[in-house]
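Okay, here's what each chain looks like letter by letter:
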Amino acid sequence: MPRRALTTVAVLLALLGGLLAAPAPARADTKPLPVPYSFLPNAAFGGMPGANAPGTNDFTCKPTAAHPRPVILVHGLLGNRATNWQTYGPLLKNNGYCVFALTYGVEYDVTPVNLFGGVDDMRVSARQLKRFVQKVLRATGASKVDLVGHSEGTVMPQWYLKFLGGAKRVENYVGLASAYRGTGVASLGDLVAAVLPGGILPTGCRSCLQFSPTSRFMKRLHEGGMLQPGVRYTSIVTKYDELVLPYTNGTLPGVNNVVLQDVCKQDYSEHFQIASSRNAAQLVLNALDPDHPRPIRCALVLPFAGELIPGLL
């Protein structure tokens, strides 16, 4: 082979080797995360110890001008940062939010017991929420956050807002299956709570009796008014709530109260499924960004199962 041809082949091989060895250019992954709209099946498989819900707890995330506040998700009783938010983690991430979630109120920090949060005294849990908010603000550079809570996650944060300076750090508070005024279910323990220090159980579930409308915790929370100036409140409740009784205990004057079935009659979400209802999710997105509301397109939602056959009506 002539020398010139050999040289040409050598150059081509060198170029090809360089291309193969060179790292591929960075490519932004714009593929949206899958968003499930069925609570119990996804909660059952999404709550392994230490797990995060998809889309949550990326502490390198920086808020955008369109969504300048990070969203912190606050789970319900016996939930955790993964089980409760299999829908809202990816949903909010896909919509351009920095999304974070904590597990709070764990009685024993051992596996598998730490799968079940929210069982400690809610005043202790509120301090944990305060520290988590501070951590998120430091990481993101934001000055405020928005909170989205479910069940106990609608009650415990109110202690943070009222007594721990949280109102300065929170712009929007959005509740799902809210229990602002407690629940009659917890009233069954009122006689026991009356003789316990602080009205709380000594172990097991310290927070359980605090949900009673007549508990010392609830009375203190409402004394002089629970709502804090500067915080915009939205409460989304369901007529089929089997744990917050009556369901209207999740509504308060001064709050944007939304009964889910008044918006979408064929939404049969109960206490759990409301945290994965497509219809409720649209209401939450509008509450977080009220300047850009979207029309609500209602889907049939079954209790517990959610959308077995996803489809808008």
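Throughout what follows, the structure given in this document is the object of discussion. All of these numbers come straight from a predicted model, not from anything done at the bench.

### Details of the packing of aromatic side chains
Line of reasoning, step 1. The full count for this structure, using the stated rule, is nine aromatic pairs.
Line of reasoning, step 2. Measuring from ring centre to ring centre gives 6.4 Å for Phe59 and Phe132, while their planes differ by 80°; the resulting arrangement is edge-to-face. Note that Phe59 is positioned in the loop between helix H2 (39-45) and strand S1 (71-74) and Phe132 in helix H4 (residues 122-140), a separation of 73 residues in sequence.
Line of reasoning, step 3. For Lys135, the ring lying beneath its charged end belongs to Phe59, and the centroid distance is 4.7 Å.
Line of reasoning, step 4. The aromatic ring of Tyr37 is capped on one face by Arg278, whose charged end is 4.2 Å from the ring centroid.

### Here's the deal with the packing of H4 against helix H5 (residues 156-163)
Line of reasoning, step 1. Taken N-terminus to C-terminus, the directions of H4 and H5 make an angle of 70°; their axes are 8 Å apart at the nearest point. The angle between H4 and H5 falls in the class roughly perpendicular. For the pair H4 and H5, the sense of crossing is right-handed. Contacts from Met122, Arg123, Ser125, Ala126, Leu129, Lys130 and Val133 in H4 reach Met156, Pro157, Trp159 and Tyr160 in H5.
Line of reasoning, step 2. Among the residues forming the contact of H4 with H5, the class breakdown is eight nonpolar, one polar and two charged.

### Quick notes on the layout of surface pockets
Where empty space is left becomes clear once a probe the size of a water molecule has been rolled over the atoms.
Line of reasoning, step 1. As a volume, the largest pocket reaches approximately 590 Å³.
Line of reasoning, step 2. For the largest pocket, the lining is made up of 27 residues, of which Gly76, Leu77, Leu78, Leu243 and Phe272 are closest to its centre.
Line of reasoning, step 3. A total of four residues in the lining of the largest pocket trace back to one element, the largest contributor, which is H2.
Line of reasoning, step 4. Here the residues of the lining of the largest pocket are counted per class, giving 17 nonpolar, ten polar and no charged.

### So, the pattern of salt bridges
Line of reasoning, step 1. Under the counting rule described, the total for this entry stands at eight salt bridges.
Line of reasoning, step 2. A salt bridge links Glu223 to Arg220, with the shortest nitrogen-to-oxygen separation between them at 3.5 Å.

### Structural notes on unusual backbone geometry
Keep in mind that most residues, glycine aside, have a negative phi and that most peptide bonds are trans.
Line of reasoning, step 1. Residue Pro246 follows Leu245 across a cis peptide bond; omega there is -10°.
Line of reasoning, step 2. Residue placement: Pro246 occurs in the loop between strand S5 (232-237) and strand S6 (256-259).
Line of reasoning, step 3. One non-glycine residue with positive phi stands out, namely Ser151, at about 60°.
Line of reasoning, step 4. Looking at the element boundaries, Ser151 is found in the loop between strand S3 (145-150) and H5.
Line of reasoning, step 5. The exposure class assigned to Ser151 is buried, which follows from its relative accessible area of 10%.
Line of reasoning, step 6. Backbone geometry places Phe304, a non-glycine residue, at a positive phi of 65°.
Line of reasoning, step 7. Relative to the elements of secondary structure, Phe304 occurs in the segment after helix H9 (278-288).

Conventions adopted
Residues numbered from 1 in each chain as written. Predicted model: local features only at pLDDT ≥ 70, side-chain atom pairs only at ≥ 80, totals over all residues. Heavy atoms only, no water. Phe/Tyr/Trp six-rings, centres within 6.5 Å; stacked < 30°, edge-to-face > 60°. Helix = DSSP H or I, 4+ residues; strand = E, 2+ residues; numbered from the N terminus. Lys NZ or Arg CZ within 6 Å of the ring centre and 35° of its normal. Axes fitted to C-alpha atoms, helices over the stretch in contact; angles between N-to-C directions. Parallel < 35°, antiparallel > 145°, perpendicular 65-115°, else oblique. Left-handed = near helix turned anticlockwise from the far one by under 90°. Contact = heavy atoms within 4.5 Å. Nonpolar A, V, L, I, M, F, W, Y, C, P; charged D, E, K, R; others polar. 1 Å grid on protein atoms, 1.4 Å probe; cavity = no way out; pocket = protein on both sides within 12 Å on 5 of 7 lines; lining within 4 Å. Points joined across faces, edges and corners; volume = space filled by probe spheres on them. Salt bridge = Lys/Arg side-chain N within 4 Å of Asp/Glu carboxyl O. Buried < 20%, exposed > 50% of the residue type's maximum accessible area, 1.4 Å probe, protein only.

Scope: geometric values only; no functional claims are made or implied.
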